[in-house]
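Listed below are the residues making up each chain.
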Amino acid sequence: MSNGLYPGLNLGDHETEANEKAEINVFGCWVFLMSDLIIFGILFATYAAYLNPVGLAGGPGPQELFDIKSVAIQTGLLLLGGVAYGGVSLTVKYDGGANKVVLWLVISALLGAGFVFFEVSDFISQAQMGGIPQASGWLSAYWTLVGLHGLHVSVGILWIAAMIAQISTRGLDNTVKVRLSMLGVFWHFLDLIWVGIFSFVFLVPLA
Amino acid sequence: MTEHTSPIFGNLNWNITPYTDLLDKVTTSTIIGAGAATVLVVGAIGAVALLTWMRWWKPLFRDWLTSADAKKIGIMYIVLALVMLARGVIEGFVMRAHQATALGTLASPESGLVAPDHFAQLFSTHGTIMIFFVAMPLLIGLINFVLPQQLGARDMAFPVLNQVSLGMTAAGAGLIMISLLVGQFGTGGWTMYPPYTGKEYSPGEGVDYWLWAIMISGIGSTLTGLNFAVTIFKKRAPGMHFMRMPLFCWTSLCVAIMLIYAMPALTVSSTMLLLDRYADFHFFTNTAGGNMMNYANIFWMFGHPEVYILILPAFGVFSEISSTFSGKRLYGYTSLVIASMSISVISFTVWLHHFFTMGSSASVNIAFGIATMIIGIPTGVKVYDWMATMWRGRIRITTPIVYLVGFFMLFVIGGLSGIILANPSIDYQVHNSTFLVAHFHNVIIPGVLYGMLAGIHYWFPKAFGFRLSETWGRRTAYLFVGGFLFTFMPLYVLGLMGMPRRSPTFQNPEFMPWMYLAAFGGVLMLAALASLFWTFWTSWRNREQLAVPGGDPWNGATLEWSSPAPAPEWNFPRIPVVTARDDWGAAKRAGDPWKGPDEYVDIEMPANTYFGVILAGAAFILGFAMTWHIWWLAIASLLTMFAALFWRGMKVVEPVIVPAEEVERADKAFREQVAGLTPARRTEEETAQNKGVPDITEFAG
């Protein structure tokens, strides 16, 4: 840390070129997520702007549509998925071997997939109750914000699959390690956004 | 727009080209439309023929399109921008020519060269092209070319991502271009406000062309911002701390940060409009809880910072050239840094002034009015700093200085009319009039176009190894200044007389003299454009006399002038260790600037790749397929992009190693050449004596 390099990567000796590249790549990933955060921020603001009788436009509202139990399960699965990714980072850091890294990746992906499963079944049951995005401005905002997050999680799962493929062909080389670190930043970022969605999209209108 | 949708061709059919319109009905409007399409087709065929005839296809791909070198990417950006500039200026001229013939009567308002719908397409494409495909690629290209060299770096932080960004911008530009030939463009202006641009009122393909061009190129710009910011934060040469960075790097940093935070807003507003149009969402519709003001808010959350994204790089150029061509150190470096940062922050707090008249409360309008006026303060600081830099300097009236002086006079007028518009009560009077058109052209043409052209003139020798003709450069500059004055000053008057903007017709004969003046200005602008291209051509023909292999034709002070012209792919034989602000100037003051490094090492350069080309091609096809509802093609191109990403991830990409001996050989050859050239005195700057080795005893910076 004191030399300004990105910690927890286990790239061999300090102050090598690989370390410098890792620092640039992971920092770039952070900057990209800052930009992504703006997208979510605007969607949050839009959701808030449509959460009123005009935006609801006589369509079904949060009281009828939201199943807080399912949302709680989703929250649990996603956050546990974040914890599981900690296993990936620690295994890389302490040289735990490629198999263990893949195992933790699979666990993270499964927890993420469980989240997506519950989310999609929520979307389906909401649609059956008339809560489709075409029904009102509020529902358009809801589906876009929550759907975009779900899309991010799905992309994260695809990314995990790509990383497993890379580990199996390339092994844990420095590039793969750095990419695992970037994926970690992305994966934890999704938890952060979800905490916002859980509190702001679901708890606020139900409270 | 058509009702028969086929699974293979979507909404495409043969009745959608300007030629079918022409066959349908011969008017000046359809002739102009078909003529423009013909220029595009002939231009494309001509380009293909030229590339084939000269056997340039292979070098085009091998040396340029697949290159990850920021200098080449920058040059390609600028070439793209100049092509689009030609179209944008000609469109502007057609609009001025139309309005000079558009005096109608209440009984028959339709008169003039083009039909009302055609006119609406013209101002929509003109605005879209000028902002997104001229100004943005110009400044991004210039930053790409200059930034790594000024920072003492070999390349951008992410060279391949840089190639992808260029590809995305080119794909968006391609969509705008093809809209000239296939189908029609939207008529909602460059901002494409709903609900007018929603499906209900604009059912055709025009808005979709805009949306996909903007989304695809917008992603490119976001990634560029990321790339610039990380490059500046992480790739500066050792010793170059922030307060030693040249001002151009500082404004690039501001631009990068603004791109990162502003572009997502455009992505969001476009995506929402897209969902409204394609999937019946209700973000901006009049019915079912939609709120069109939300579009205005989100769009201008991007749109206002965008204005300063455009202008700050020009401010960076002006900082460099005012110092270089006055032979003085930049006055008020710290205040210029603070002013740049202040502008970028304040620019995010003023967006609502774009819709003062759309029903906000008086207190909201006042808050944004005051914020808008405040932004004039740091901008004023800058203008004074540049003037103070020139004060008692040994000024050479080179082309960049002509642009700078033109900028001083015109930009201040534009800024003042901006302060007038920032007052909500005045804005209510003149908002939707040509006064506003005059205002924003009055800041953007001197502020962006002059700055970028000055920058191109200034750094051209570094890119190609020869200077541009000063005579023709100055003629171009004078024509752009004069053309601006004649075209846009009358629009202030017309606006105050009540001429609405975007209107294809008017009934007041008193407008006519002003319309003729503006049309004459349009002729001057066309002449300026021609003169600009002539400058490149005539300079290329005289490249022997104008050659500056020494690489420092203007007796500069920043690092990029220490390398040969054109600069080698690796920029510097060794990464310089920076000890002062304007390090090359410090080396000159110390007396022996061209001393070579003690030892040479291998240099790693990024390998060429087709990655960006593939992504750009797929993105262009995706946009086209979505515009015409050709779903299978859209899915195929999306899958291609995913496949390319996976393929790139699986591949182990080895960098290209330039061996130390080759670096040493090239570098020593350069230094011997410099030693053999006679240093040129300042008075000989424009003559053939200037071989890029200046007399360093004259360096006063």
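Here the structure is a predicted model, which is why all the values come from computation and not from measurement.

K.L.:
Got a sec to walk through the overall build of chain B? Specific residues and values, please.
P.N.:
Within chain B, the secondary structure is distributed over 22 helices and two strands. Computed over its C-alpha atoms, the radius of gyration of chain B comes to 25 Å, within 12% of the 27 Å expected for a compact globule of 701 residues. Overall, the C-alpha framework of chain B stretches about 80 × 55 × 50 Å when taken along its three principal axes. Counting only contacts in chain B whose residues sit at least 6 apart along the sequence, the fraction spanning at least 24 positions is 81%. Summed over its atoms, the accessible surface of chain B is roughly 26800 Å², and 69% of this surface lies on carbon and sulfur atoms.

K.L.:
Lay out the pattern of salt bridges with the relevant residues and their values.
P.N.:
Residue and element names in this part refer to chain B. For the structure shown, the criterion picks out 17 salt bridges over all chains. Among the ionic pairs, R474 bridges to E470, the shortest N-O distance being 3.9 Å. With R474 and E470 both in helix α16 (residues 470-497), this residue pair falls four residues apart, about one helical turn. Across this residue pair, the class does not change: R474 and E470 are buried. Put simply, R671 and D667 hold a salt bridge, and the shortest N to O gap is 2.8 Å. Residue R671 and its partner D667 are both found in helix α22 (residues 660-676); the two are separated by four residues, about one turn of the helix.

K.L.:
Break down the nonpolar core for me, citing the residues and quoting the values.
P.N.:
Judged by nonpolar contacts, the single largest core of 252 residues is most densely connected at L105(A), Y142(A), L180(A) and V201(A). It is helix α8 (residues 247-279) of chain B that provides the largest number of residues to this core, a total of 19 residues. The contacts of V201(A), once residues within four sequence positions are left out, are F44(A), Y47(A), F66(A), Y142(A), L145(A), V146(A) and G196(A).

K.L.:
So what about the interface of chain B and chain A? Which residues, and what values?
P.N.:
Taken together, the contacts link 36 residues of chain B with 35 residues of chain A. On the surface where chain B and chain A come into contact, there are two salt bridges. Two residues, K21(A) and E604(B), come together in a salt bridge whose shortest N-O distance is 3.5 Å. Linking chain B with chain A are 13 residue pairs in polar contact (both at pLDDT 80 or more).

K.L.:
Pulling in residues and values, what's your account of α16(B)?
P.N.:
Here α16(B) spans 41 Å end to end across 28 residues, near enough to the 40 Å set by a 1.5 Å rise per residue. Note on α16(B): the residue one or two positions beyond its end, G498(B), has a positive phi of about 105 degrees.

K.L.:
Outline unusual backbone geometry, listing residues and values.
P.N.:
Cis geometry is found at the peptide bond from P194(B) to P195(B), where omega equals 5 degrees. Considering the arrangement of structural elements, one finds P195(B) in the loop between α6 (159-178) and α7 (206-234). Of the consecutive residues A565(B) and P566(B), the connecting peptide bond is found in the cis state with omega at -5 degrees. We note that A57(A) has phi near 50 degrees; this positive angle belongs to a residue other than glycine.

K.L.:
Please provide a residue-by-residue account of α8(B), values included.
P.N.:
One turn of the α-helix equals 3.6 residues, which is why residues spaced by three or four share an orientation. Residue and element names in this part refer to chain B. The end-to-end C-alpha distance of α8 is 47 Å, a good match for the 48 Å that 33 residues give at a rise of 1.5 Å each. The sharpest bend along α8 reaches about 35 degrees and sits at L259. Most of α8 is tucked away: 27 of the 33 residues are buried. One or two steps after α8, the chain reaches D280, where phi turns positive at roughly 60 degrees.

Conventions we followed
Residues numbered from 1 in each chain as written. Chains lettered and ligands numbered in written order. Predicted model: local features only at pLDDT ≥ 70, side-chain atom pairs only at ≥ 80, totals over all residues. Heavy atoms only, no water. Helix = DSSP H or I, 4+ residues; strand = E, 2+ residues; numbered from the N terminus. Rg over C-alpha atoms; globule rule 2.2 N^0.38 Å. Contact = heavy atoms within 4.5 Å. Areas by Shrake-Rupley, 256 points an atom, 1.4 Å probe, with all protein chains shown as cover. Salt bridge = Lys/Arg side-chain N within 4 Å of Asp/Glu carboxyl O. Buried < 20%, exposed > 50% of the residue type's maximum accessible area, 1.4 Å probe, protein only. Core = buried A, V, L, I, M, F, W, Y, C linked by side-chain atoms within 4.5 Å. Polar contact = N/O pair within 3.5 Å; in protein donor to acceptor, adjacent residues only side chain to side chain. Expected span 1.5 Å × (residues − 1). Bend = angle between axes of the 7 residues up to and from the residue.

Spatial relationships are all this shows, so hold off on functional conclusions.
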